[in-house]
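Survey of secondary and tertiary structure
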Amino acid sequence: MHWKVPCPENARNWTSNPDRTTLETVLHLTIPTHIAEITPYPPGKPLEELEREYGIRDSIKLASNENSWGPSPLALQALSAALTDLHRYPDGSSYYLVTALADKLGVGAGQIVLGNGSNEVIEFLVKAFVQEGDEVITSHPSFLMYQKFVQVRGGVNHVVALKELGHDLAGIAKKITQRTKLIFLDNPNNPTGTAIDPGTLRDFIDAVPNGVVVVLDEAYVDFMDPALRPDPAEYLSAKRVGCPVVFLRTFSKAYGLAGLRIGYGVMVEELASTLHKVRQPFNVNRLAQVGALAALDDTNHYRTTLAGTREGMEFLHREVGRLGCRCFPSQANFFLIDVGGEADLLYQEMLTRGVIVRAMRAYGFPHFIRITVGTKIENRRFIEALSLSLRTLGYV
Ligand SMILES: Cc1ncc(COP(=O)(O)O)c(C=O)c1O
C-alpha cells in the first residue's frame, strides 16, 4: 500500500533548513525553538557529488581529515570474513574490542565506552549531563558538533574565541559558572591543528571546580608529537581528586575506518556506567567491532599512515610556501592555509579542477582553506590545482 505523505515541494531544503511555517501549516507539527535554530553540520562535499555535478572523474578529496592511505588491510580481511554473520545482532558489550582497547591503554574494560564514531560519545556526554539551561563551554572555532548536541538538549553554549589559533584556557576558566556541566577541548584543535601544552593543560584542569567534566577530544592524537600528548593515566586514576576528565578517540583518522563509524571514550568507571545508560544496546554494529579490532593490530598500516602524513605535511608546507601562501603548523593530519583572498572562490575554482578542500568562512576564517594531507599523488595534484587557481583568481 502507498501512503501519500504531505510533503513540501523541496524536501531536500526542507530537511536541511526546517521551515516552521510548513511544519505547522502542512504537517500540523510544532517544533521547539531550540531545535528550529540549529543549522545542520556542513559535511565535506562527497567525491561522487562533485563528479556528478561537474562531469569529471578521478577527483580527490582533501576536505574531511580522513586517512588518505585507505582502510587498514587487516580490517578489510576481518570484515569480509564477518559478513556471513550479518543476520545476528552485534555483541552489545563489544567484549573483544573493549578488552583489546583496555589492554592497549592500560585501563579497565569498565572505563571504555564505544560509540558510532566518537561523535556518538560526545552525544552521550551531552545527553547524560546537560539539561535545559545548563551550560557547556567550547572554543570557536572547534569541532562544530559539540555545540549542536548542546542545542538539541536546550543547553546554553558559551563559546570562547581561540587565541593565537589555540584554546584560550584562561578565557574558558572565566566562563565557568555554577551551571557549567561540560568543557570540550579538541586537542589538537580542528580546524587549526594546534595542541595544548601538557603542563598548561594540567594547571587548567586542576583549577576546574567539581561538578564540571572536562572532555579532551583526541581524534588526531596519533599524529601529535608524543611529547605533547596528555597522559590518560594521570587523569584517570580512581584516587585522583578534582574534576573528571574524559578522553575521546576515534578509528576514523589514523586507522582509516571513518566509513565504519567507530570511536570511544575513556574515563573513570562511574562516568562510563552513566554513559552506558543513555546508549542504545547495539550502538556499535558488528562490522565496526570486527574492523576496529583488526585495525588495532595493523601496525604496518598505522605506521605507513603516520610516516606518509609527516612526509606529506613537509612537502605541502614547502610547496604551498613557494606559491606565496602562508601555512600554519599543525599537530594533526590537516592544516590551514591563508590563500590571500576569498577562500570560497578558491574552493569553487579548485572544484573545477577536481580537488575538494574546505573553505573556512563558517569557522571564522574567510581567507583560509583547510586541507588534509594526502598521498604523494594527491598532494601533487593539490599543488597543481592550487597554483592554477591562485593565478586564475589573481591572489598571488
Ligand atoms: C575534533 C574532532 N572530533 C571528533 C570527530 C568525529 O570523529 P568520528 O568520525 O569518530 O565521529 C572529528 C571528525 O572530523 C573531529 O575533527
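Residues numbered from 1 in each chain as written. Predicted model: local features only at pLDDT ≥ 70, side-chain atom pairs only at ≥ 80, totals over all residues.

1. With respect to the site of the ligand
The local shell around the ligand holds 13 residues, among which Gly117, Asn119, Thr250, Ser252 and Gly263 are the closest. Partitioned by chemical class, the residues of the shell around the ligand number three nonpolar, eight polar and two charged. (Near = placed C-beta within 6 Å. Nonpolar A, V, L, I, M, F, W, Y, C, P; charged D, E, K, R; others polar.)

2. Observations concerning the nonpolar core
The nonpolar side chains of a soluble globular protein tend to be buried, and buried together. Among the nonpolar cores identified, the biggest contains 101 residues, and Leu125, Leu182, Ile183, Val214, Val215, Val246 and Ile369 are the most heavily contacted of them. No other element matches the seven residues that helix H13 (residues 286–296) contributes to this core. When near neighbours in sequence (up to four residues on either side) are disregarded, Ile183 contacts Ile137, Ile172, Val208, Val212, Val214 and Val215. (Core = buried A, V, L, I, M, F, W, Y, C linked by C-beta atoms within 7 Å. Buried ≥ 20, exposed ≤ 12 C-beta atoms within 10 Å, placed from the backbone. Helix = DSSP H or I, 4+ residues; strand = E, 2+ residues; numbered from the N terminus. Contact = placed C-beta atoms within 7 Å.)

3. Observations regarding the sheet that holds strand E10 (residues 334–338)
Within a beta sheet, neighbouring strands are joined by backbone hydrogen bonds and run either parallel or antiparallel to one another. Across the sheet, four strands lie side by side as E9-E10-E13-E12; this open sheet has antiparallel pairing. The two strands at the open ends of the sheet, each matched to only one other strand, are strand E9 (326–327) and strand E12 (358–359). Relative to E10, E9 runs antiparallel, the two sharing two bridges. Paired with Cys327 across the bridge in E10 is Ile337. (Pairing = 2+ DSSP bridges.)

4. A word on the packing of helix H5 (residues 73–82) against H13
At a minimum axis separation of 8 Å, H5 and H13 run at an interaxial angle of 145°. Crossing handedness for the pair H5 and H13: right-handed. Judged by residue contacts, Leu74, Ala75, Gln77, Ala78, Leu79 and Ala82 of H5 engage Arg286, Leu287, Val290, Gly291, Ala294 and Ala295 from H13. Each residue belonging to the contact of H5 with H13 can be placed in one class, and the counts come to nine nonpolar, two polar and one charged. (Axes fitted to C-alpha atoms, helices over the stretch in contact; angles between N-to-C directions. Left-handed = near helix turned anticlockwise from the far one by under 90°.)

5. What to know about the domain arrangement of the protein
On domain assignment, one finds that the protein holds domain 1 (47–70 + 300–393) and domain 2 (73–296). A C-alpha centroid distance of 27 Å is found between domain 1 and domain 2. In this complex, domain 1 contributes 22 residues to the contact, which on the side of domain 2 involves 22 residues. For the side of domain 1 that touches domain 2, the secondary structure elements donating two or more residues are helix H14 (299–322) and E10. A per-element tally of the side of domain 1 that touches domain 2 places H14 first, with five residues. (Domains from an automatic or database assignment.)

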